[in-house]
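# Structural overview for review
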Amino acid sequence: MSHSDEILSIKHIYKVFGPHPDIAMKMVKDGFSKKEVFEKTGQVIGVFDATLSVKRGEIFVIMGLSGSGKSTLVRLFNRLIEPTSGNIYLNGREITGLSDKALLDVRRKEMGMVFQSFALMPHMSVLENTAFGLEIAGVSETERQKRAREALLQVGLSGQEHSYPHQLSGGMQQRVGLARALANDPTILLMDEAFSALDPLIRSEMQGELIKLQAEQKRTIIFISHDIEEAIRIGHRIAIMEGGRVVQIGTPQELISQPANDYVRTFFKGFDSSKILKAGDLARLDPESTRHIEEPKEFKPGIDYGYLLNDKGQLVSVVDADSTNTHYSQHELEPVYLDTPLHEVLNIAAKLPYPVPVLDRNGFLKGTLSKNQLLQTLGSH
């Protein structure tokens, strides 16, 4: 990842809770485990040697069981709590050594936070609640009203400006919380278990809204969750924490197919991966199996099927590599695209004698998927 892609990165972050963090850190350097430090000193290491970086414009989910350190980590990002040691960089600038005033500025302008409890002021209207952060930041009334209205429009609450929190459903209240964070136009949106208090239907709707918002605005969002379905649905990449450590970071597909340890594997146990995996996650392109229509090249021995492309690289037909006169026209196929859900590919793959070609929306061949690959992926869960 190039540094310009990185918007936030942390390097070797530790957080010790207790009166003598220096003793705990010395023990860590001497090779003692988190458990031994606690037993000998009573101090808790909430985050243990965490290193990760978040890319600009991605939804980065941090997951873990209760007590794994995920909420502590997110509060270290905007320094609501101070790291014991390690470095935090925002847009390439280290924010670990900032003065209180500079830090306040970072919190106001760079990071918006949405909590699980909606934290709305009951005596303020929706518009006033949305503009609240801007008011604290000293933005003029006209400007903050304008920005608050825009933010409410983004979360689908236009027309509710003059309602009060108690008149709104839980989902609508959470939208106000989101609008308040967006009104600041933060560089990064931090969301701590933001939807876990909502009932499943509204929760799913809010996840959809978040995905849409992120796609439209290319916002960087760091989302804390303990719900695997939620993480997989919204996360471009997921970091899994265990006992204060970051044990693995990857796309949902990478975590499902190459879990780093049993803890990660257990998260995905019983999860129907065909629901979230897309054809593009698994498709692989073997250049030896493709050729352009006007090129009369022989296929190498061992290749059973060839994929014929036009001069642009779009798939025209599939041929039996041994006898290139057996054509399967592309028009007979149900097209499988990069974003076709895996469970839909299963039925198509079952009918075809050759690996399923996977296309982008312009018809360009991006890879193929064999029955074997499908069974291996789905069989491992």
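First, a word on scope: everything that follows refers to the structure included in this document. (Residues numbered from 1 in each chain as written. Predicted model: local features only at pLDDT ≥ 70, side-chain atom pairs only at ≥ 80, totals over all residues. Heavy atoms only, no water.)

Bringing the packing of aromatic side chains into the picture now. Enumeration over the complete set of coordinates arrives at four aromatic pairs. A ring pair is formed by Tyr-263 and Phe-267, whose centres lie 5.4 Å apart and whose planes are at 90 degrees; its orientation type is edge-to-face. Placement of both Tyr-263 and Phe-267 in helix α11 (residues 262-268) is noted, with a separation of four residues, approximately one turn of the helix. The exposure classification of Tyr-263 matches that of Phe-267, with both residues buried. Its end group placed over the ring of Phe-17, Lys-15 keeps NZ or CZ at 5.4 Å from the ring centre. Against the face of Tyr-337 rests Arg-361, its NZ or CZ located 3.9 Å from the ring centre. (Phe/Tyr/Trp six-rings, centres within 6.5 Å; stacked < 30°, edge-to-face > 60°. Helix = DSSP H or I, 4+ residues; strand = E, 2+ residues; numbered from the N terminus. Buried < 20%, exposed > 50% of the residue type's maximum accessible area, 1.4 Å probe, protein only. Lys NZ or Arg CZ within 6 Å of the ring centre and 35° of its normal.)

On the surface, a nonpolar cluster with roughly 260 Å² of combined accessible area is contributed by Phe-17, Phe-38 and Val-44. As for its position among the elements, Phe-38 is in helix α2 (residues 34-41). (Patch = residues over 30% accessible without salt bridge, like charges linked within 9 Å, V, L, I, M, F, W, Y side chains within 5 Å. Areas by Shrake-Rupley, 256 points an atom, 1.4 Å probe, with all protein chains shown as cover. Salt bridge = Lys/Arg side-chain N within 4 Å of Asp/Glu carboxyl O.)

Of all hydrophobic cores here, the largest spans 68 residues; its most connected members are Leu-178, Met-191, Ile-240, Phe-268 and Leu-369. Setting aside residues up to four positions removed in sequence, Phe-268 forms contacts with Ile-228, Ile-232, Ile-240, Leu-255 and Ile-256. Membership of the second largest hydrophobic core comes to 27 residues, among which are Val-47, Leu-73, Phe-77 and Ile-88. (Core = buried A, V, L, I, M, F, W, Y, C linked by side-chain atoms within 4.5 Å. Contact = heavy atoms within 4.5 Å.)

Our next topic: the sheet that holds strand β2 (residues 44-55). In a beta sheet, neighbouring strands pair by backbone hydrogen bonds and run either parallel or antiparallel. Sheet architecture is open: four strands sit in the order β2-β1-β4-β5, paired in antiparallel fashion. Each of the sheet's edge strands pairs with one partner strand only, and the pair in question is β2 and β5 (93-94). Contacts from helix α3 (residues 70-77) reach β1 (6-17), β2 and β4 (85-90) within the one sheet, and its direction differs from that of β1 by about 120 degrees. (Pairing = 2+ DSSP bridges. Axes fitted to C-alpha atoms, helices over the stretch in contact; angles between N-to-C directions.)

To continue, consider the packing of helix α6 (residues 141-154) against helix α7 (residues 170-183). Contact geometry for α6 and α7: axes closest at 8 Å, N-to-C directions at 130 degrees. Judged by the inter-axis angle, α6 sits oblique to α7. α6 and α7 meet at a crossing whose hand is right-handed. Residues Arg-147, Ala-148, Ala-151, Leu-152 and Gln-154 of α6 form the contact with α7, whose own contacting residues are Ala-179, Leu-182 and Ala-183. Residues that form the contact of α6 with α7 fall into these classes: six nonpolar, one polar and one charged. (Parallel < 35°, antiparallel > 145°, perpendicular 65-115°, else oblique. Left-handed = near helix turned anticlockwise from the far one by under 90°. Nonpolar A, V, L, I, M, F, W, Y, C, P; charged D, E, K, R; others polar.)

Within β1, nine of the twelve residues are buried, which leaves the element mostly enclosed by the surrounding structure. Relative to β2, β1 is paired through eight bridges, and the arrangement is antiparallel. Bridging across to β2, Ser-9 finds its partner in Ser-53. Across five bridges, the pairing between β1 and β4 is antiparallel. Each bridged residue has a counterpart across the sheet, and for Tyr-14 the counterpart in β4 is Ser-85.

So, about the packing of helix α5 (residues 126-136) against α6. Where α5 meets α6, the closest approach of the two axes is 9 Å, and the angle between their N-to-C directions is 120 degrees. Between α5 and α6, the angle falls in the class oblique. Once α5 is placed against α6, the crossing between them reads as right-handed. Side by side, α5 and α6 meet where Val-126, Leu-127, Thr-130, Ala-131, Leu-134 and Glu-135 of the first sit next to Arg-144, Gln-145, Arg-147, Ala-148, Arg-149, Ala-151 and Leu-152 of the second.

Moving on, we get to the pairing of strand β9 (residues 237-242). In the case of a regular strand, side chains alternate between the two sheet surfaces. For β9, a buried count of five out of six residues is recorded, marking the element as mostly surrounded by other parts of the structure. Bridge count for strand β3 (residues 59-63) against β9 is four bridges, and the pairing is parallel. Residue pairing in the sheet places Phe-60 in a bridge with Arg-237 of β9. Both β9 and strand β10 (residues 245-250) contribute to a ladder of five bridges, which runs antiparallel. Residue pairing for β10: Ile-238 is matched across the bridge by Gly-250.

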